[in-house]
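Here are the chains, one letter per residue:
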Amino acid sequence: MATTVITHISSLVTNDPSLGEGPLGTIQDAAVVIDGDRVAWVGTSSKAPATDNRVDAEGRAALPGFVDSHSHLVFAGDRTAEFHARMSGRSYSAGGIRTTVAATRAATDEVLDANVRRYVGEALRQGTTVMETKSGYGLTVEDEARALRIAAAHTDEVTYLGAHIVSPDYADDPAAYVDLVTGPMLDACAPHARWVDVFCEKGAFDGDQARTILTAGAARGLTPRVHANQLTYGPGVQLAVELGAASADHCTHLTDADVDALANGTTVATLLPGAEFSTRAEWPDARRLLDAGATVALSTDCNPGSSFTSSMPFCIALAVRDMGMTPDEAVWSATAGGAAALRRTDVGRIAPGARADLALLDAPSHVHLAYRPGVPLVSAVWRAGIREA
């Protein structure tokens, strides 16, 4: 395979402190050598080795491709009317998911596939090189399984979320729906997924139901993730930590005990500021989690109801402006933090042996992601060594 060196990078975020300055391992006037799908070398431009191809970054900054560890891309339909009503004063609740369930069930495979392809491409152009996505808008055995098959064709990480809400078909018998999710639906979906997730929230599933679902998924080899403590204080975070979940996602309403559990466990606190932006809800307190020693990730939560954005740069800007994060912390959380939430060591960093995922910014520093919110700064993207955008 041909080798490529990218030179004259004004500021390179490696996320490896042994390679550069500070916790981001930043290198000035840097170069990166790509060999096949891997990073082969990083250092200063003046010491870059000879390669087959050369790309001049012309003073642009570079950082690892974003790792978006929480999204809901397999859906059909539109919830513009709901958003408009919410922005006009109506509060958000989990119930709006039923609208998307009806549209998704009615859609063809071709429509769903085209939608996922569109949103993954949209994210890639904004620097996202790894994306997790979930089922959860089918809520029947057949529809959940097809959602996972479609997701797996386009995304790196696939999560079984049959427990998004209780299916409308089982509104009068939630226990029977839990039996379905942990029985025939799990049987059909487990072969297509790496993760199992549950929306542990008022209006969705309580702590006991969530435990049953997550332990059943774990018994089938799926690692837990949890939608936790988004709308109210609840048992989701504690349950996630107890069960060794890879991440507890949302973490908006936390007690001191929740924060302590996250700080002393292995579960990553994944914050989703797009949801708070789109629902006018209280912002998660990233500063509180970071100061306690918790590992924090940032993600888009891209979905049609509560966070219809695929832009990790936008979420970085929100985290810096409204959640108490520094620009360095937000960039780390959107790259290495997302990798930690997916238990990946091959992405989220630019270091020898890592997958060659890299975003080049039309700016001299990664700080511009927060400094210039809403501006399309990503000028080039390499994913697994291939220039994609």
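Presented here is a report on the structure given in the accompanying data block. Values in this document were obtained by computation on a predicted structure and should not be read as measured data. (Residues numbered from 1 in each chain as written. Predicted model: local features only at pLDDT ≥ 70, side-chain atom pairs only at ≥ 80, totals over all residues. Heavy atoms only, no water.)

### Brief notes about the overall build of the protein
Counting its secondary structure elements, the protein contains 14 helices and 16 strands. Computed over its C-alpha atoms, the radius of gyration of the protein comes to 21 Å, within 12% of the 21 Å expected for a compact globule of 389 residues. Expressed as lengths along the three principal axes of its C-alpha atoms, the size of the protein is roughly 70 × 45 × 45 Å. The burial tally for the protein puts 58% of its 389 residues in the buried class. When the accessible surface of the protein is totalled, it reaches about 14400 Å², and 51% of it is carbon and sulfur. (Helix = DSSP H or I, 4+ residues; strand = E, 2+ residues; numbered from the N terminus. Rg over C-alpha atoms; globule rule 2.2 N^0.38 Å. Buried < 20%, exposed > 50% of the residue type's maximum accessible area, 1.4 Å probe, protein only. Areas by Shrake-Rupley, 256 points an atom, 1.4 Å probe, with all protein chains shown as cover.)

### Let's talk about the side chain of Asn 229
Assignment of secondary structure puts Asn 229 in the loop between strand E10 (223-228) and helix H8 (236-242). A polar side-chain atom of Asn 229 sits 3.3 Å from the main-chain carbonyl oxygen of Gly 234. In this view, Asn 229 contacts Cys 200, Glu 201, Gly 234, Pro 235, Gly 236, Val 237, Cys 251, Thr 252, His 253, Leu 254 and Asp 258; residues no more than four positions away in its chain are not counted. (Polar contact = N/O pair within 3.5 Å; in protein donor to acceptor, adjacent residues only side chain to side chain. Contact = heavy atoms within 4.5 Å.)

### So, unusual backbone geometry
One non-glycine residue, Leu 139, adopts positive backbone phi at about 60°. Note that Leu 139 resides in the loop between strand E7 (128-134) and helix H4 (141-152). Although it is not a glycine, Cys 251 adopts a positive phi angle of roughly 50°. Mapped onto the elements, Cys 251 comes out in the loop between strand E11 (247-250) and helix H9 (256-264). Take Cys 251: its relative accessible area is 1%, and that puts it in the buried class.

### Some points on the packing of aromatic side chains
One pass over the structure, following the stated rule, counts seven aromatic pairs. For the ring pair Phe 277 and Phe 314, a centre distance of 5.1 Å and an interplane angle of 90° mean the geometry is edge-to-face. With Phe 277 in helix H10 (residues 273-279) and Phe 314 in helix H12 (residues 312-322), this pair connects stretches of sequence that are 37 residues apart. For Phe 277, a relative accessible area of 43% corresponds to the partly exposed category. Through successive ring pairs, a cluster of aromatic residues spans Phe 75, Tyr 119, Tyr 137 and Phe 308. It is Arg 225 that lies over the ring of Trp 195; its NZ or CZ is 4.4 Å from the centre. (Phe/Tyr/Trp six-rings, centres within 6.5 Å; stacked < 30°, edge-to-face > 60°. Lys NZ or Arg CZ within 6 Å of the ring centre and 35° of its normal.)

### Some thoughts on the environment of Ala 281
You can see Ala 281 is positioned in the loop between H10 and helix H11 (286-292). As a C-alpha pair, Ala 281 and Gln 230 span 51 residues in sequence and 9.4 Å in three-dimensional space.

### As for the nonpolar core
Counting residues in hydrophobic clusters, the biggest one holds 85 residues, and the most contacted among them are Tyr 160, Phe 205, Leu 262, Leu 289 and Leu 298. Of the residues forming this core, the biggest block, six residues, is contributed by helix H3 (residues 109-125). Those residues within four positions of Leu 298 in sequence are excluded, and the remaining contacts are Val 67, Leu 271, Pro 273, Met 312, Cys 315, Ile 316, Ala 319, Met 323, Met 325, Ala 330, Ser 333 and Ala 334. Grouped together as the second largest cluster of nonpolar side chains are 17 residues, Ile 6, Ala 62, Ala 356 and Leu 360 included. (Core = buried A, V, L, I, M, F, W, Y, C linked by side-chain atoms within 4.5 Å.)

### Structural notes on the side chain of Asp 197
You can see Asp 197 is positioned in strand E9 (residues 195-200). Look at Asp 197 and you get buried, because its relative accessible area is 1%. When near neighbours in sequence (up to four residues on either side) are disregarded, Asp 197 contacts Lys 134, Thr 159, Tyr 160, Leu 161, Ala 163, Leu 214, Arg 225, Val 226 and His 227.

### Structural notes on the sheet that holds E11
Sheet strands associate in pairs through backbone hydrogen bonding, adopting either a parallel or an antiparallel arrangement. Read across the sheet, eight strands follow the order E6-E7-E8-E9-E10-E11-E12-E13 without closing on themselves; strand pairing throughout is parallel. If you trace the sheet from one side to the other, it starts and ends with strand E6 (66-68) and strand E13 (296-298), each paired once. Across this sheet, the average inter-strand angle for adjacent strands is 25°, counted without regard to direction. Where E6 lies against E7, three bridges are found, and the strand directions are parallel. By the bridge assignment for E7, Asp 68 is matched with Met 131. Contacts from helix H7 (residues 207-219) reach strand E8 (157-163), E9 and E10 within the one sheet, and its direction differs from that of E9 by about 175°. Its contacts with the sheet put H12 on E6, E7 and E13, and the angle it makes with E6 is roughly 90°. (Pairing = 2+ DSSP bridges. Axes fitted to C-alpha atoms, helices over the stretch in contact; angles between N-to-C directions.)

### Considering H12
Because an α-helix completes one turn every 3.6 residues, residues spaced three or four positions apart along the sequence face the same direction. Along H12, the residues classified as buried are Met 312, Pro 313, Cys 315, Ile 316, Ala 317, Leu 318 and Ala 319. Considering only its buried residues, H12 is in contact with E6, E7, H10, E13, helix H13 (327-341) and helix H14 (368-371). A side-chain oxygen of the first residue of H12 lies 3.1 Å from the backbone nitrogen of Phe 314; this N-cap is Ser 311. Positioned one or two residues after H12, Gly 324 has a phi angle of 80°, which is positive.

### Let's talk about the environment of Ala 145
You can see Ala 145 is positioned in helix H4. The class of Ala 145 is buried, set by a relative accessible area of 5%. Contact partners of Ala 145, with chain neighbours within four places excluded, come to Ala 188, Cys 189 and His 192.

### Remarks on the pairing of E10
Most of E10 sits inside the fold, with five of its six residues counted as buried. Here E9 runs beside E10; their pairing, made up of six bridges, is parallel. Paired with Asp 197 across the bridge in E10 is Arg 225. You can see the chain leave E9, run along H7 and come back into E10, and the turn it takes is right-handed. Tracing the backbone out of E10, into H8 and back to the parallel element E11 gives a crossover that is right-handed. (Right-handed = clockwise from strand over helix to strand, strands pointing away.)

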